[in-house]
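# A structural walkthrough
Letter by letter, the chains look like this.
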Amino acid sequence: MLPETTLQPADSQPTAPPGSAEVVLTLEHLSKSFGDNHVLQDFSLDLHRGENVVVLGKSGSGKSVLVKCIIGLLRPDAGRITVLGQDISTLDHEAMDKLRAKLGFLFQSNALYDSMTVRENLLFPLRRQWLADRRGQEKELVQQALEDVGLADTADKMPAELSGGQRKRIALARTLILRPEIILYDEPTTGLDPITAREISALIRQVQQKYQTAAFIISHDMDSVRLVADRVAMLADGRCYAQGTYQELAKHEDPRVNQFFI
Ligand SMILES: Nc1ncnc2c1ncn2[C@@H]1O[C@H](COP(=O)(O)OP(=O)(O)OP(=O)(O)O)[C@@H](O)[C@H]1O
């Protein structure tokens, strides 16, 4: 795990690295408005290799807009997004698609295909043309991904036969099969009971430690935030209002920050 960061004051500058690890994602001075609704206003944040950063913010503060900007579904009005060294505004459709293959996504909905077995769901992302180098290894990759999430014997099951927590694990396995360098988690524990939520949080840590992936995590579940976050960045007024470790933000003197931790 990376060394703990010191609390950064709210400002509009890109944040200082918490350690010597390579920066894999840089968000610089992002702004995004919908009409008069100025959702992002000079938002800046860095993510380092092997680091878990949780973005915290009230409902409607712009967390999903931020994720959509990172994956290229929305274009910021101003600012720059650099993913694995590439400024995404310069990429054509194909280059963006290739870059997306290095990003893993875990959506709230899990987005599994109900009519496919677990194995078929896991094989689906491998079908892309530029993943041809992994052809012939499919069986091993599926088995490894299922073992990584603790569900080695589910390959022939249908998603409907699995519990909510198991479906979440399978969705994570489908992400891991591409060996992503960065994983974006959208509220990974929402809708799960507290014990299952804790198991998923532990799994997020295990994935980080095993593969040295960086994770950009949106979460409201403070128990999960405490377990998974190396650093917490709070989104308010469209910018990175405060950031630091869980403990640092919990002790923050500004009630807008510490209210999340009560
Ligand atoms: N495509 C869009 N067109 C217009 N407004 C949008 C669009 N997408 C998001 N917004 C607005 O941007 C603001 C931020 O929305 P966003 O979904 O990012 O919030 P959030 O922090 O993810 O909220 P929650 O925690 O409830 O999911 C909201 O006011 C929303 O109405």
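Structure shown above.
Residues numbered from 1 in each chain as written. Predicted model: local features only at pLDDT ≥ 70, side-chain atom pairs only at ≥ 80, totals over all residues. Heavy atoms only, no water.

### Some points on the site of the ligand
Taken together, the residues surrounding the ligand are Phe34, Asn37, Val39, Lys58, Ser59, Gly60, Ser61, Gly62, Lys63, Ser64, Val65 and His220. Here Gly62 contributes a backbone N or O atom positioned 3.0 Å from an oxygen atom of the ligand. Between an oxygen atom of the ligand and a side-chain N or O atom of His220, the distance comes to 3.1 Å. Within the complex, 60% of the 630 Å² of free accessible area of the ligand lies under protein. Those elements that provide at least two residues to the shell around the ligand are β2 (37–48) and α1 (63–70). With 3 residues, the top contributor of residues to the shell around the ligand is α1. Split into classes, the residues belonging to the shell around the ligand amount to 3 nonpolar, 7 polar and 2 charged. (Near = heavy atom within 4 Å. Polar contact = N/O pair within 3.5 Å; in protein donor to acceptor, adjacent residues only side chain to side chain. Areas by Shrake-Rupley, 256 points an atom, 1.4 Å probe, with all protein chains shown as cover. Helix = DSSP H or I, 4+ residues; strand = E, 2+ residues; numbered from the N terminus. Nonpolar A, V, L, I, M, F, W, Y, C, P; charged D, E, K, R; others polar.)

### Regarding the nonpolar core
Side chains of a nonpolar character, in soluble globular proteins, are inclined to be buried together. In terms of nonpolar packing, the biggest core is built from 46 residues, with Leu122, Leu146, Ile170, Leu172, Ile177, Tyr185 and Val225 touching the most fellow members. Among residues more than four places away in sequence, those in contact with Tyr185 are Leu106, Leu172, Ile204, Val207, Ala215, Phe216, Ile217 and Ile218. Grouped together as the second largest cluster of nonpolar side chains are 34 residues, Leu40, Ile88, Leu184 and Ala233 included. (Core = buried A, V, L, I, M, F, W, Y, C linked by side-chain atoms within 4.5 Å. Buried < 20%, exposed > 50% of the residue type's maximum accessible area, 1.4 Å probe, protein only. Contact = heavy atoms within 4.5 Å.)

### Quick notes on the sheet that holds strand β5 (residues 86–87)
The sheet built from 4 strands is open, its strands ordered β2-β1-β4-β5 with antiparallel pairing. With partners counted over all chains shown, the strands left at the sheet margins are β2 and β5, one partner each. Across 9 bridges, strand β1 (residues 23–34) lies against β2 in antiparallel orientation. Each bridged residue has a counterpart across the sheet, and for Ser33 the counterpart in β2 is His38. (Pairing = 2+ DSSP bridges.)

### Concerning the environment of Asp42
By the secondary structure assignment, Asp42 is in strand β2. Take Asp42: its relative accessible area is 27%, and that puts it in the partly exposed class. Remark: the alpha-carbon pair of Asp42 and Cys240, spanning 198 residues in sequence, is separated by 8.2 Å. A polar contact is formed between the side chain of Asp42 and the side chain of His29, at a distance of 2.7 Å.

### Quick word on unusual backbone geometry
Positioned with a positive phi, Arg179 is a non-glycine residue whose angle comes to about 50°. Relative accessible area serves as the criterion here: at 35%, Arg179 is assigned to the partly exposed category. You will see that Glu187, though not glycine, has its phi angle at about 45°, which is positive.

### A word on the sheet that holds strand β3 (residues 52–56)
Reading across from one edge, β6-β7-β8-β3-β9-β10 is the order of the 6 strands in this open sheet, with mixed pairing throughout. Edge positions in the open sheet fall to β6 (103–106) and β10 (239–244), since each of these has one partner strand only. Each adjacent strand pair in this sheet contributes to an overall mean axis angle of 20°, direction not counted. Bridge count for β3 against strand β8 (residues 214–218) is 4 bridges, and the pairing is parallel. Following the sheet pairing, Val54 is matched in β8 by Ile217. Sheet strands touched by helix α5 (residues 164–176): β6 and β7 (182–186). Its angle to β6, the strand with the most contacts, is close to 170°. (Axes fitted to C-alpha atoms, helices over the stretch in contact; angles between N-to-C directions.)

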